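# Structural features, examined
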Amino acid sequence: MADSLKSKGNDTTPELPTVVDREHCIAMGRTCVAYNLRRAARLVSQVYDQALKPTGLKVTQFSLLVAFVLVPDSKMTQLAKWLGMDRTTLSRNLRVLEKRGLVELEQGHQDRRKLKVRLTPEGKKVFEQACPLWLQAQEKAVSGIGQERWTALTKELRSLVAGLE
């Protein structure tokens with residue numbers, strides 16, 4: 001590999017090249033945490049989206065419903081922080097769920113900018129229909145990597161998140 005890709009203390013972090021070429025891009029793709037995690041997430045999301053298709057939910061929406069079950073009457077700011085999302089992205093996703101009648105958004109009484117999110121009876125019904133479908137997708141995803149490796153990877157991902165918060 002070119003001299004500009006010499007390691008900085010380990011063999012997986014290339015130095016920024018002075019000239020960007022195909023070799024450098026390949027090296028960045030192989031070592032970039034964001035690229036590799038996002039690629040894996042997109043592919044895994046497709047498995048879950050396909051499984052959840054009968055409910056009309058995407059896995060991202062299902063994850064939001066899980067959050068509402070875990071933290072009922074959540075405030076937007078709390079949810080965004082807990083989910084690792086910005087408020088704008090969360091708002092956009094919530095509006096889709098609201099249009100479907102799955103959640104209710106209630107403005108705060110003292111501060112109208114603070115929204116509370118609540119799962120509706122229809123939302124609970126769809127969530128209950130989605131859970132067994134999610135479980136099938138979960139089993140498929142875990143079997144693809146193996147339970148032991150998945151357990152270890154989950155631990156590593158939690159460590160990564162904790163280190164970035």
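This text gives an overview of the structure that appears in the document. None of these values were measured; they are calculated from a predicted model.

Parameters at a glance
- Residues numbered from 1 in each chain as written.
- Predicted model: local features only at pLDDT ≥ 70, side-chain atom pairs only at ≥ 80, totals over all residues.
- Heavy atoms only, no water.
- Helix = DSSP H or I, 4+ residues; strand = E, 2+ residues; numbered from the N terminus.
- Buried < 20%, exposed > 50% of the residue type's maximum accessible area, 1.4 Å probe, protein only.
- Contact = heavy atoms within 4.5 Å.
- Axes fitted to C-alpha atoms, helices over the stretch in contact; angles between N-to-C directions.
- Parallel < 35°, antiparallel > 145°, perpendicular 65-115°, else oblique.
- Left-handed = near helix turned anticlockwise from the far one by under 90°.
- Nonpolar A, V, L, I, M, F, W, Y, C, P; charged D, E, K, R; others polar.
- Expected span 1.5 Å × (residues − 1).
- Arc of directions from axis to C-beta.
- Polar contact = N/O pair within 3.5 Å; in protein donor to acceptor, adjacent residues only side chain to side chain.
- Pairing = 2+ DSSP bridges.
- 1 Å grid on protein atoms, 1.4 Å probe; cavity = no way out; pocket = protein on both sides within 12 Å on 5 of 7 lines; lining within 4 Å.
- Points joined across faces, edges and corners; volume = space filled by probe spheres on them.
- Phe/Tyr/Trp six-rings, centres within 6.5 Å; stacked < 30°, edge-to-face > 60°.

All right, on to the overall build of the protein then. A tally of regular secondary structure across the protein gives seven helices and three strands. Order of helices (α) and strands (β) in the protein, N terminus to C terminus: α-α-α-β-α-α-β-β-α-α. The buried share of the protein, taken over its 165 residues, is 25%. In the protein, the share of contacts with a sequence separation of at least 24, taken over all contacts with a separation of at least 6, comes to 42%.

Another aspect to go through is the packing of helix α3 (residues 59-70) against helix α5 (residues 87-99). At a minimum axis separation of 11 Å, α3 and α5 run at an interaxial angle of 90°. What the angle tells us is that α3 and α5 run roughly perpendicular. In this structure, α3 uses Gln61, Leu64, Leu65 and Phe68 to contact α5, whose residues at the interface are Leu90, Asn93, Leu94, Val96 and Leu97.

Put simply, helix α2 (residues 33-52) and helix α6 (residues 121-145) touch, their axes get as near as 8 Å, and they point 145° apart. Considering only the axes of α2 and α6, their crossing is right-handed. Counted together, Val47, Tyr48, Ala51 and Leu52 of α2 and Ala130, Leu133, Trp134, Ala137, Gln138, Lys140 and Ala141 of α6 form the full contact between these two elements. Across the contact of α2 with α6, the residue classes tally to nine nonpolar, one polar and one charged.

This paragraph deals with α5. Over its 13 residues, α5 runs 18 Å from end to end, which matches the ideal 18 Å to within 8%, given 1.5 Å per residue. Among the residues of α5, Leu90, Ser91, Leu94 and Leu97 are the ones counted as buried. Here the buried residues of α5 occupy an arc of 125° about the axis, which is enough to place them on one side. Facing away from the buried side of α5, by more than 90 degrees, are the exposed residues Thr88, Arg92 and Lys99. In this fold, the buried residues of α5 make contact with α3, α4 (76-83), β2 (103-107) and β3 (115-119). The opening residue of α5 is aspartate 86, an N-cap whose side-chain oxygen sits 3.1 Å from the backbone nitrogen of threonine 88.

Paired through backbone hydrogen bonds, the strands of a sheet run either parallel or antiparallel to each other. The sheet built from three strands is open, its strands ordered β1-β3-β2 with antiparallel pairing. The two strands at the open ends of the sheet, each matched to only one other strand, are β1 (74-75) and β2. Pairing of β1 with β3, which is carried by two bridges, proceeds in the antiparallel orientation. The residue bridging lysine 75 from the neighbouring strand is lysine 116, located in β3. Each of β2 and β3 touches α5; the most contacted strand, β2, lies at about 120° to it.

What follows deals with the layout of surface pockets. One number sums up the size of the largest pocket: a volume of about 2300 Å³. Taken together, 42 residues form the lining of the largest pocket, with Ala41, Ser63, Trp150, Leu157 and Val161 sitting closest to its centre. Mapped by element, the contributors of at least two residues to the lining of the largest pocket are α2, α3, α4, α6 and α7 (147-164). If one sorts the elements of the lining of the largest pocket by residue count, α2 sits on top with 11 residues. Counted by class, the lining of the largest pocket contains 27 nonpolar, nine polar and six charged residues.

Time to look at the packing of aromatic side chains. Working definition: an aromatic ring pair is given by the centre-to-centre distance plus the angle between the planes. All chains considered together, the criterion is met by three aromatic pairs. Plain terms: the ring middles of tyrosine 48 and tryptophan 134 are 6.5 Å apart, the flat faces sit at 35° to each other, and that makes the pair tilted. With tyrosine 48 in helix α2 and tryptophan 134 in helix α6, this pair connects stretches of sequence that are 86 residues apart. The buried category is assigned to tyrosine 48, whose relative accessible area is 8%. Accessibility expressed as a relative area gives 28% for tryptophan 134, which makes it partly exposed. Relative to tryptophan 134, the ring of phenylalanine 62 has its centre 6.2 Å away and its plane inclined at 15°; by these criteria the two rings are stacked. With a gap of 72 residues between them, phenylalanine 62 in helix α3 and tryptophan 134 in helix α6 connect regions that are remote in the sequence. Judged by its relative accessible area of 4%, phenylalanine 62 is buried. Taken together through their ring pairs, the aromatic side chains of Tyr48, Phe62, Phe127 and Trp134 make up a single cluster.

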